Amino acid sequence: MATVYTRYPLANIAIYNGVTLAHYGLGAAGIVLGYARWPAMGWTAGLVYLGFALAQMYVLMPLTVCPSCVYRRMDVARCVSAMNLVSARIAPLADPRDFPRRAEGVLCHNNLYMASLIAPLVILLPALLVAFSWAVLAMFLGVVALFALRLFVVFPRVACGVCVAKGRCPNAQAMGLS
Ligand code: SF4
């Protein structure tokens, strides 16, 4: 049987959260720089994006997804984001049968999560077309690289591929990792 973690090593947690925060931070900085000709718009868009990305990951997920995840039910467990530990402090346990709901509906958490990853690319494209700069292109490509790293290395090797919940998780099923 393949290795799965009920208590992820700190290295996995650091890589997962590091790649996540780098993606959000680089995306927000790219938006601010990409719209430097229109600073009010750039700063507003960058800060709104950063606030949305952080809130869906570090507030909404422990409030709405983690309570029905298997990691909330195991005493010594620590999931790859470590949000099961945060969730235990801020939200009551929920029915584990609700876990697949994370992928149901237009505004489900899975869609918000994906939106937080894709949004900086969508917002930066017009800036590159209208006010091209090599620095913004480098940031755009950096976000693309972080996205690819997440999809092809972090998810299969660091997070979902070694997750106890992967047999029931719609995300792992969608990636063929369950
Ligand atoms: S399979 Fe991936 S998305 Fe699903 S609970 Fe595990 S780490 Fe989270």
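Since the structure is predicted, the reported quantities are computational estimates derived from the model, not experimental observations. (Residues numbered from 1 in each chain as written. Predicted model: local features only at pLDDT ≥ 70, side-chain atom pairs only at ≥ 80, totals over all residues. Heavy atoms only, no water.)

Caption draft 1: Expanded view of the environment of T6. Within the secondary structure, T6 sits in the segment before α1 (10-34). Between the C-alpha atoms of T6 and A172, which are 166 residues apart in sequence, the distance is 16 Å. (Helix = DSSP H or I, 4+ residues; strand = E, 2+ residues; numbered from the N terminus.)

Caption draft 2: Main features of helix α2 (residues 39-64). Here α2 spans 35 Å end to end across 26 residues, near enough to the 38 Å set by a 1.5 Å rise per residue. Along its length, α2 reaches its greatest deviation from straightness, about 40 degrees, at Q56. When α2 is considered as a whole, its buried residues turn out to be G42, G46, Y49, A53, Q56, M57, M61 and P62. Among the structural elements, α1, α3 (83-90) and α4 (109-130) are those in contact with the buried residues of α2. (Expected span 1.5 Å × (residues − 1). Bend = angle between axes of the 7 residues up to and from the residue. Buried < 20%, exposed > 50% of the residue type's maximum accessible area, 1.4 Å probe, protein only. Contact = heavy atoms within 4.5 Å.)

Caption draft 3: Just the site of the ligand, in detail. Around the ligand, a shell composed of F99, R102, C160, C163, A165, K166, C169, N171 and A172 is seen. Classifying every residue of the shell around the ligand gives six nonpolar, one polar and two charged. (Near = heavy atom within 4 Å. Nonpolar A, V, L, I, M, F, W, Y, C, P; charged D, E, K, R; others polar.)

Caption draft 4: Inspection of the packing of α1 against α4 at higher detail. Their axes nearest at 9 Å, the elements α1 and α4 cross at an angle of 25 degrees. The angle between α1 and α4 falls in the class roughly parallel. Taken as a pair, α1 and α4 cross one another with a handedness that is left-handed. Here Y16, H23, Y24, G27, G30, I31 and G34 of α1 come into contact with α4, specifically with Y113, S116, L117, P120, I123, L124 and A127. (Axes fitted to C-alpha atoms, helices over the stretch in contact; angles between N-to-C directions. Parallel < 35°, antiparallel > 145°, perpendicular 65-115°, else oblique. Left-handed = near helix turned anticlockwise from the far one by under 90°.)

Caption draft 5: Seen up close, the state of the cysteines. Counted according to the given criterion, the structure contains zero disulfides. No disulfide involves C66; its sulfur sits 5.8 Å from the nearest other cysteine sulfur, which is in C79. (Disulfide = S-S within 2.5 Å.)

In short, geometric facts, not functional conclusions.
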